[in-house]
Amino acid sequence: MKTFKKILFWSLVGFAIIQFIPTDKVNSPVDHKVNFIDVKKTPEKISGLIKGACYDCHSNETVYPKYAYIAPVSWSVKSHVNAGREHLNFSVWETYNEDLKESMMNKSIQAIQNKTMPMPGYIVYHKEANLSEAERVLLIKYFEEMLKSETD
């Protein structure tokens with residue numbers, strides 16, 4: 001029992017100490033001249049789907065939930081956001097070259113079709129990201145239209 005108490009005590013001390021390791025949760029300002037939804041004049045319904053299912057990880061408009069302020073969860077959340085922005089950042093859409101835009105759009109369509117995006121773990125805590133089949137079809141059609149207009 002004494003060993004258990006020591007382990008518990010030091011675990012709690014360690015947990016308290018790691019709370020002081022900061023993670024950057026500041027979003028870069030959004031320039032509406034390069035933001036996907038603004039530039040493409042995305043319809044409100046589609047815009048709502050993209051913002052609800054994609055923007056927390058794939059834009060500079062991340063809304064961090066309360067649990068994202070508790071280490072070590074905060075580290076994982078920030079890592080996912082950084083990785084998401086690396087793969088696709090809707091906030092800087094117009095800064096990408098045409099080939100990259102086409103590639104990102106194709107990958108987005110695949111991810112939505114395969115239900116790998118939004119990530120299943122994300123959906124658990126963000127019900128608005130749990131897209132219905134009809135919403136997935138709507139997003140896919142919109143992205144396919146974007147692809148077609150980019151290549152025309």
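Refer to the structure presented above.
This one's a predicted model, so the numbers in the text were calculated from it and none came from an experiment.

Draft legend 1. Looking closely at unusual backbone geometry. Geometrically, the link from Ala71 to Pro72 is a cis peptide bond, its omega value of 5° lying close to zero. Assignment of secondary structure puts Pro72 in the loop between helix H3 (44-53) and helix H4 (73-87). Following Met117, the chain continues to Pro118 via a peptide bond in cis, the omega torsion being -15°. Residue Lys41 is not a glycine yet carries a positive backbone phi of 50°. Summarising the element assignment, Lys41 is placed in the loop between helix H2 (36-39) and H3. Looking at Lys41, the relative accessible area reads 69%, which means it is exposed. Of note in this structure, Lys115 is not a glycine but carries a positive phi near 60°. One can find Lys115 in the loop between helix H5 (98-113) and helix H6 (120-125). Note on Lys115: relative accessible area 44%, which makes it partly exposed.

The rules behind each value
Residues numbered from 1 in each chain as written. Predicted model: local features only at pLDDT ≥ 70, side-chain atom pairs only at ≥ 80, totals over all residues. Heavy atoms only, no water. Helix = DSSP H or I, 4+ residues; strand = E, 2+ residues; numbered from the N terminus. Buried < 20%, exposed > 50% of the residue type's maximum accessible area, 1.4 Å probe, protein only.

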